[in-house]
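Commentary on secondary and tertiary structure
Letter by letter, the chains look like this.
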Amino acid sequence: MMGPSEAAEQDRSEAAPAFIELLGISKHFGGVRALTNVDFTIRSGEVHCLAGENGCGKSTLIKILAGVHAPDNGQIVIDGHAHTHLSPAASQRAGIQIIYQDLSLFPNLSVGENIMFRHHVEKSVRPVNERKMMIHARDVMSRLGIELPTAETVGRLPIADRQLVAICRALAAEARLVVMDEPTASLTHHEIDALLETVGVLKSHGIATVFVSHKLEEVMRIAERVTVLRDGQRVGTYPASEIDRHRLSELMTGHKYTAALKPAFAGDANPILEVHGLSRRGQYEGVDLVVRPGEILGITGRLGSGRTELALTLFGMNPPDAGEIRIRGKRVRLRTNREAVRAGIGYVSEDRLSLGLVMPQSIADNIVVSVLNKLTGVLGLIDGGRRSELVDRWIGELHVRTKSAERPVRELSGGNQQRVVLAKWLATAPAILILDSPTVGVDVGAKEGIYQIVDTLAARGIAIILISDEVEEVLHQSHRILVMLGGRITASFDPAKVSEKELREVISA
Amino acid sequence: MPSDLVSSPTVRSRPRFAAWSDPTVTLLAVLVVIAVIVFAALTPARFLSGDTVRAIAFQMPELGILSLAMMVPLMSGGLNLAIISTANLSALVMAGVLTNLIHPTSPPWVIVAAILAALLCGMLTCLVIGFLTGVIVAFFGVHPILVTLGTMTLVKGVAVLATSGTVIGGFPPAILFLGNGSVLGIPASMILFVLCAVVVAMMVAHTPFGVSVRLIGSNEKATRYSGVATEWVLVGVYVVSSLLCWVAALVMMARFNSASAGYAESYLLITILAAVLGGIDPFGGFGRVFGLFLSLVLLQVISTGFNLLGFSPYLTAAIWGATMIIAILIAVVRDRWIARIWPAKVK
Amino acid sequence: MLSQLRAAWRRHDVQIGSIVVIMAAFFSALSPAFLTLSNLGDLLENYSVMAIMAAGLLVVLISGGIDISFEAIAAVSQFFVAIILVKFGGNWFTAFGLAGLFGALLGIVNALLIYYLGAISVIVTISTMTFYFSILMFMTQGRSIYDLPSWFTSDMSWLSIPFPVMVAAVALLVTLVLLSRSPVGRQIYGLGGNPEAAKRMGCNILGLQCLAYGYSGFMAAIGGIVQAHRVEEVVPYALIGRELDVLAAVVLGGASLSGGIGTVSGTVLGILLLAVLQNGLTLLGVSSYAFGVVTGAVILVSVTATAYASKRQQRRGVRDAV
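Residues numbered from 1 in each chain as written. Chains lettered and ligands numbered in written order. Predicted model: local features only at pLDDT ≥ 70, side-chain atom pairs only at ≥ 80, totals over all residues. Heavy atoms only, no water.

To continue, consider the overall build of chain B. Each helix and strand in chain B was counted, giving 14 helices and four strands. Dimensions of chain B, computed from C-alpha atoms along their principal axes, come out at roughly 75 × 60 × 35 Å. Each of the 347 residues in chain B was classed as buried or not, and the buried ones make up 61%. Look at the contacts in chain B between residues 6 or more apart in sequence, and 79% of them connect residues 24 or more apart. Entry remark: accessible area of chain B is about 13100 Å², with carbon and sulfur atoms responsible for 73%. For chain B, the distance from the average site of its 16 positive side-chain charges to the average site of its 9 negative ones is 9 Å. (Helix = DSSP H or I, 4+ residues; strand = E, 2+ residues; numbered from the N terminus. Buried < 20%, exposed > 50% of the residue type's maximum accessible area, 1.4 Å probe, protein only. Contact = heavy atoms within 4.5 Å. Areas by Shrake-Rupley, 256 points an atom, 1.4 Å probe, with all protein chains shown as cover. Lys, Arg positive; Asp, Glu negative; His and termini not counted. Charge placed at Lys NZ, Arg CZ, Asp CG, Glu CD.)

When its secondary structure is counted, chain A shows 18 helices and 20 strands. Computed over its C-alpha atoms, the radius of gyration of chain A comes to 25 Å, within 12% of the 23 Å expected for a compact globule of 509 residues. Taken over 509 residues, chain A has a buried fraction of 56%. Look at the contacts in chain A between residues 6 or more apart in sequence, and 68% of them connect residues 24 or more apart. Summed over its atoms, the accessible surface of chain A is roughly 21400 Å², and 50% of this surface lies on carbon and sulfur atoms. Positive and negative charge centroids in chain A, built from 59 and 61 side chains respectively, lie 5 Å apart. (Rg over C-alpha atoms; globule rule 2.2 N^0.38 Å.)

All names here are of chain A. According to the stated counting rule, one finds 25 salt bridges over all chains in the structure shown. As a salt-bridge pair, Asp-365 and Arg-387 come within 2.8 Å of each other at their nearest N and O atoms. Of this pair, Asp-365 sits in helix H13 (residues 363-368) while Arg-387 sits in helix H14 (residues 384-397), and the two are 22 residues apart along the sequence. Classification of Arg-387 as buried rests on a relative accessible area of 18%. Where Arg-460 meets Glu-397, a salt bridge forms, and the shortest distance between an N and an O atom there is 3.0 Å. Separated by 63 residues along the polypeptide, Arg-460 in the loop between helix H16 (444-459) and strand S18 (463-468) and Glu-397 in helix H14 bring together distant segments of the chain. (Salt bridge = Lys/Arg side-chain N within 4 Å of Asp/Glu carboxyl O.)

At the junction of the two partners, chain B supplies 26 residues and chain A supplies 28 residues. Together, the buried faces of chain B and chain A total about 2200 Å²; carbon and sulfur atoms form 63% of this surface. The interface formed by chain B and chain A holds one salt bridge in total. Among the salt bridges present, the one from Arg214(B) reaches Asp365(A), with a minimum N-O distance of 3.1 Å. For the pair chain B and chain A, the interface holds eight residue pairs in polar contact (both at pLDDT 80 or more). Elements with a contribution of two residues or more to the side of chain B that touches chain A: helix H8 (188-206), helix H9 (208-218), helix H10 (220-225) and helix H11 (230-256) of chain B. The greatest single-element share of the side of chain B that touches chain A, amounting to six residues, is contributed by H9(B). Its residues placed into classes, the side of chain B that touches chain A shows eleven nonpolar, ten polar and five charged. (Buried area = accessible area lost by both parts, 1.4 Å probe. Polar contact = N/O pair within 3.5 Å; in protein donor to acceptor, adjacent residues only side chain to side chain. Nonpolar A, V, L, I, M, F, W, Y, C, P; charged D, E, K, R; others polar.)

On a regular strand, each side chain points to the face opposite its neighbour's, so the side chains alternate between the two faces of the sheet. Residues and elements named next belong to chain A. Here strand S6 (residues 96-99) shows no split at all, with Ile-96 and Ile-98 on one side and Gln-97 and Ile-99 on the other all buried. Sheet topology note: the S6/strand S7 (residues 177-181) ladder contains four bridges and is parallel. Residue pairing in the sheet places Ile-99 in a bridge with Met-180 of S7. (Pairing = 2+ DSSP bridges.)

A few words now on the state of the cysteines. Chemically, a disulfide is nothing more than a covalent bond linking the sulfur atoms of two cysteines. Applying the stated criterion to the full structure yields zero disulfides over all chains. Looking at Cys121(B), it has no disulfide partner, and the nearest cysteine sulfur is the one in Cys126(B), 11 Å off. With no disulfide of its own, Cys210(C) has Cys203(C) as its nearest cysteine by sulfur position, at a separation of 14 Å. (Disulfide = S-S within 2.5 Å.)

Here we come to the sheet that holds strand S12 (residues 284-291) of chain A. All names here are of chain A. Spatially, the four strands line up as an open sheet ordered S12-S11-S14-S15, and their pairing is antiparallel. Where the open sheet ends on each side, the last strands, each with one partner, are S12 and strand S15 (330-332). On average, adjacent strands in this sheet sit at an angle of 25 degrees to one another, irrespective of strand direction. With five bridges connecting them, strand S11 (residues 273-280) and S12 associate as antiparallel partners. In the strand pairing of S12, Arg-280 is matched with Tyr-284. (Axes fitted to C-alpha atoms, helices over the stretch in contact; angles between N-to-C directions.)

To continue, consider the interface of chain C and chain B. Taken together, the contact pairs 52 residues of chain C with 54 residues of chain B. When the two sides are added together, the surface that chain C and chain B hide from each other amounts to roughly 4400 Å², 78% of it contributed by carbon and sulfur. Remark: the boundary between chain C and chain B carries zero salt bridges. If you list the elements that add at least two residues to the side of chain C that touches chain B, you get helix H6 (92-117), helix H7 (121-140), helix H11 (195-200), helix H12 (205-231), helix H13 (243-252) and helix H15 (291-316) of chain C.

This part covers the sheet that holds strand S13 (residues 296-300) of chain A. All names here are of chain A. Spatially, S16-S17-S18-S13-S19-S20 is the arrangement adopted by the six strands of the open sheet, whose pairing is mixed. Looking along the sheet, the strands with just one partner apiece sit at the ends: strand S16 (345-348) and strand S20 (488-493). If you compare each strand with its neighbour and ignore which way they point, the axes differ by 20 degrees on average. Sheet strands touched by helix H18 (residues 500-507): S13, strand S19 (480-485) and S20. Its angle to S19, the strand with the most contacts, is close to 30 degrees.

Time to look at the packing of helix H2 (residues 12-30) of chain C against helix H14 (residues 264-283) of chain C. The axes of two packed helices give the description: the angle between them and the distance between them. All names here are of chain C. Two numbers describe how H2 lies on H14: the axes approach to 9 Å, and their chain directions differ by 20 degrees. For the element pair H2 / H14, the angle class is roughly parallel. Seen along the crossing, H2 lies across H14 with a hand that is left-handed. Where H2 approaches H14, its residues Asp-13, Ile-16, Gly-17, Ile-19, Val-20, Met-23, Ala-24 and Phe-27 are matched on the opposing element by Ser-265, Gly-266, Leu-269, Gly-270, Leu-272, Leu-273, Val-276, Leu-277, Gly-280 and Leu-281. Partitioned by chemical class, the residues of the contact of H2 with H14 number twelve nonpolar, five polar and one charged. (Parallel < 35°, antiparallel > 145°, perpendicular 65-115°, else oblique. Left-handed = near helix turned anticlockwise from the far one by under 90°.)

All names here are of chain B. Remark: helix H4 (residues 83-101) packs on helix H6 (residues 144-163), axes separated minimally by 8 Å, with the N-to-C direction vectors making an angle of 30 degrees. Classified by the angle their axes make, H4 and H6 are roughly parallel. Every pair of crossing elements has a handedness; the one defined by H4 and H6 is left-handed. Two secondary-structure elements touch here, H4 through Ser-85, Thr-86, Leu-89 and Leu-92 and H6 through Thr-151, Met-152, Val-155, Lys-156, Val-158, Ala-159 and Thr-163.

Okay, structure coming up:
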């Protein structure tokens, strides 16, 4: 591990001067150590990736840069001046602009006003001149080679355009460093290209960019250096050219990822779910697929490829315009998700926080919510005995780690939360489970646990549709892989006969 | 459910005040005890007497049943501003049926039939109002404040239009008994209230409907994704709320021996106060009837005590408003202490 | 051209405005008394107090909060100023100045409670409303003040525009400038649209909330004075219970309860809608008892239609609605 790191240190002398150096930064919250003795250097005009798993300390480091948190130890050197900590105002004065994942835009205001909003705060007595504001905003956009309607309300723009607005706003604030938190998570291939182009322009203006991400394949193309964090410590800083994704995931997780492929599917040949010519205008078209009991069907594709929309249709929440769905050979019409649940379908949403679980409520209620009507006894009251029997059974079987089933589900770790989601659906005794990005926000160790559960369920005869944009996940966890692109299924693979690289190329063709 | 009335600058998923769903009960119980001790000390002979208890028992049911009608929508993350107007219209409908069917010479069976007919019509009125409110909230996704603002105006408008602002009065003794009669020394209205409270408590805590309401109150979308028919649960919420208004209407018309479009309007915002003081999370998802019950007892003890001390009823209402602010304050201070003593607990 | 028209039609104020125009045309066709100067003057004067208060409430709604206490603040300030005027005398300047100051202070109390207690605005302002109003009733014992100075109660007009209408016009104009021309006004829009972003951009959240709630209290108090001038007396319970009417007017005018959205022009149209409707019905001889039914129906239809439209729009662009 020291080799490339040393190379990186040597590399420093030849490159641009350091703009910001974080030296020996430590930070703890209560009893939890978020960062331990971390060094992090950003040079003027460089594109730097900050990589690490969830909870590795990335966001704490960013918040220290933004002046939101003060470090316990260490110093922050900006242009050679050392500080023990930054205030939010000092951070912005130094030219540090953070673009959070939620972008922090004002959806109710125009593009121009969003870009120039800082003026309202800084020059709070001068009357607002709408026309001048728009001219300024257009100036900023033209510096980045962007053209967006300045008068349009931001809430009506697609995500990719909003991201550009956020970058423009950072530029308008005289940024010298733009930090982007998970910028590519919701972008399509083209949009990512456009984003990277914009970052190139920033670079040409001498503005440094830091990408914070745990998925770096795209941004690696233009990155110069990569700093990897793990468990609050810096693993090292490496030239991007020395890092490929396997090496990166090894560095991020600390162990080699060597999952074997699934053995070929050898179960019941009669399909439980058949889909023919399923279409919904603007979302997906002519989708055919078949799943058998005990089979794990992987579907991969980028966000916006129609994969989630298709999943929602199978779950009865997004009625198709054309085509048919058959379960056990019988044609079904799923008008609501209640009908889908009754037909034996469960759906684990990719958005666990807002769609998967009711976070403030108890673990027990989150498990029984799908079967409430089956638990009633006298007078329509819920039978407490049957309820706790059910809850205890699934907490035990899925190894949900908690002191009490009546604690809010919010208090659990990501992996344990996902187990609760699975428990909710297993309580309905489903025949088909749709898992939409089931390991998003789940730590590596916990991922393995989720995969084991999925395997066990498949072995019990549940048909599983595994949707994911993490290529190695579908490759190693499925019996068969379908690729979705632009609303169509463009390819079908046997995992044994396709390499990760090939698969990746087909996805972003 | 929309939780967009937040103007809390410290953006958090739930307000501080809601964080103590169980400690609320303890806090309220302590406040009730303190209030009782203070008033007992100030008016030694009179406060701790049967009269006081009886006065409280007669005054509580009206506000209590209406507060239950407010509580259920609050727990679903909504609000029902139309409870008072619904109760008034329902009372007017019942009063209309009674006064039209019963004459001084009517034989007993006519009176019984008229009462049954009146009850049925009053209930149907509430059912229709609740159903329409629920449908607009659930299926059109309109914010409950807006919908119930509309239904409140409309329902009151209908009541005013039908009566031209007059009062309808003169009911048979069986109805009046609900307002002023007692069974074994317990006021009939109190029995009605306790019955409603028990039913709502069981419903909220132990039925699929109640669990769904709480889950919807915290996150409607996630609840719908779990296969709950959230739209129909929401319709149910407003129907239940309206039906409680029907019971409140009975108690009100029995107590006043009359019905009008404009009774009890000052109670509207007080019911929200009582519910939130009782630990019902104004964002939805949490609350228990027992907390609401304690908060009603506290409010009544304060008002009866001040009454005995010879204070104006207006001062009592001012104290009620202040109680709310003080209760929030206590919760905030307590949270800060917990944060200081036990920092790891707080993120 | 057609697409421009269609885009314009999708704007809430254009829709409400068209409804107002159609209604006005309808009423003037049926009743010759509608389109007369004196009738329109009366109409505006009757709704001037509501307009003044609506201007204040609008700012709070845009900031993402709600104020239920403004009528109570108006009643308290009205009474406070009336006592001073009766005891020490004064002029319009002192009347408006004192009322505005007092109202703003009470409003700022709301803001401080909301900020420091981290409680939601609807609960805090219901509590303060109860508190302010009950204290007022306790102190006055419900008694009214009739012996207001004659300069205060005498009718005034300029170019035959009644005084209350002038005050309302100024109030709306000031609000318009505050909201669309002043940087703090734009910050209030930002705060309502995305509070977390406003904080990150360095907005002074406490300051903005004090401004919004203080402004609401200020306008309520001014409205209270104008109301006392019109009815020539101060009745402690005259204003209370009307807070939801004003809220309805502002919401009809397109302001969103979730904050960040709302305009002065929309609010004016919302009030005009209610005003023209009630005035027209009166002229047609419809009983005033029917107003509630009509107003309620208008509110329900309007909010439902708006929600339905936005739901359909959302369904059209599922991905972009995030």
